[in-house]
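Residue-level listing of the chains:
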Amino acid sequence: MAKYGVKILATGSFLPEKVLTNKDLERMVDTTDEWITTRTGIKERRITDENTATSDLAIGASKVVLQQTGTSPEEIDLIIVATITPDMLFPSTACFVQKGLGAKNAVCFDVLAACSGFIYALACAKNFIESGVYKNALVIGAETLTKITDWQDRSTCVLFGDGAGAVLLTRTDEDKSSILSVYLGADGNQDDLLKLPGGGSRKPFSKDVLDKRLQYISMNGRQLFKSAVIKMIEASEKALEMCGRKPEDLALLIPHQANLRIIDALRERISLPKEKVFVNLDKYGNMSSATTIIGLDEAIREGRVKSGDLVELVAFGGGLTWAATVIRI
């Protein structure tokens, strides 16, 4: 049984300044703006420079939430970073964030659940706070996917972008909790659909790995689309069921921003009008674990949701993994 509730104090996001448009991509690979827009819904994405790492974006987003709330870095007990593009395999990106913020009292670790990563990380922080182990937690989704994108592969290079979002959580009374439910799932039997084959212990970096371009994202888009729709629907329905809510109770649904056709299929299945489904895919592309938290931050800043509203985040990613959470703003 939970001893405490979890309150969302603030959200924040941080995006690289450089914009790469579909027109820019037309000059790089054999593609067109029309082809990309029709098949994905993406018009542009943000790109980091060679001197910017994932932790730099994560630190930027974290500073936003700390400044909003007047929270000192020393008050943070826990930092969790969801990412598939860590600065390096170790130390964790969360440790680099701790260093950059001066959050010397925080326990730090990363979560790797691909595009579902932020919600997985949120679930971890929720359990730590509810049980009374920690009081204040920074949960961050941060990615520099363009650094593991194969810019010679026209089918995948149009999809991905960079960015980071963060949320500051704190302990509250159980009946005042902001996080009403979290539903997580995974199926390792579908591991081949979306992966980064090279660079791990299975295929350590070597000339052969580099020659075969295994250091870049590999995706089976057709099959992934089918699985994504099924699991996003399952996750969104389960999370609502867990807290006794229905789709019509939501002020806004914020789905993972991978493909507009997936978002439309999900919206139609759970019978939500377009105005209740958040989309920023056209501006940023797929930012993996950063998508849902950046979406939540933008929805709050744009006034799409207000205090007391119910919002659901739902995502799927490589693993395969899927996740959803229902939040009270």
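In the block above lies the structure referred to throughout.
Below is a short write-up of the structure. In this text, all values refer to a predicted model and were calculated from it rather than measured experimentally.

1. Topic: unusual backbone geometry
- Along the chain, Phe-90 connects to Pro-91 via a cis peptide bond; the corresponding omega equals 0°.
- For the bond from Gly-319 to Leu-320, the omega torsion is -15°, close enough to zero to count as cis.
- Mapping Leu-320 onto the fold places it in the loop between strand E12 (310-317) and strand E13 (321-328).
- In this structure, Ala-114 takes a positive phi of about 55° despite not being glycine.
- Of note, Arg-213 is a non-glycine position whose phi angle comes to about 60°, a positive value.
- Its place among the elements puts Arg-213 in the loop between helix H6 (207-211) and strand E10 (218-219).
- Residue class for Arg-213 comes out partly exposed when judged on its relative accessible area of 29%.

2. Comments concerning the nonpolar core
- Within the largest apolar cluster, 42 residues are counted, with the highest numbers of intra-cluster contacts made by Leu-253, Leu-266, Val-314 and Phe-316.
- Sorting the residues of this core by element identifies helix H7 (221-242), helix H8 (260-269), E12 and E13 as the ones contributing at least two each.
- At eight residues, the largest contribution of residues to this core is made by H7.
- Each residue touching Phe-316, except ones within four places of it in the same chain, is listed here: Cys-115, Ser-116, Leu-224, Ala-228, Met-232, His-256, Ala-258, Ile-262, Thr-321 and Trp-322.
- If you look at the next biggest cluster of nonpolar residues, it comprises 34 residues, including Ala-113, Ala-125, Val-139 and Leu-296.

Cut-off values and rules
Each chain carries its own residue numbering, running from 1 in the written order of its sequence. Predicted model: local features are reported for residues with pLDDT of at least 70 only, side-chain atom pairs are reported and counted for 80 or more only, and whole-chain, interface and lining totals are derived from all residues. Side-chain figures throughout are based on the complete set of non-hydrogen atoms in the structure, without hydrogens or water. In this description a helix means any DSSP run of H or I spanning at least four residues, a strand means any run of E spanning at least two, and both kinds are numbered starting from the N terminus. Three exposure classes are used, based on accessible area relative to the maximum for each residue type with a 1.4 Å probe and protein chains only: buried under 20%, partly exposed in between, and exposed over 50%. We call a set of buried residues a nonpolar core when its members are Ala, Val, Leu, Ile, Met, Phe, Trp, Tyr or Cys and they connect through side-chain atoms within 4.5 Å of each other. Contacts are assigned to residue pairs that have any heavy atoms within 4.5 Å of one another.

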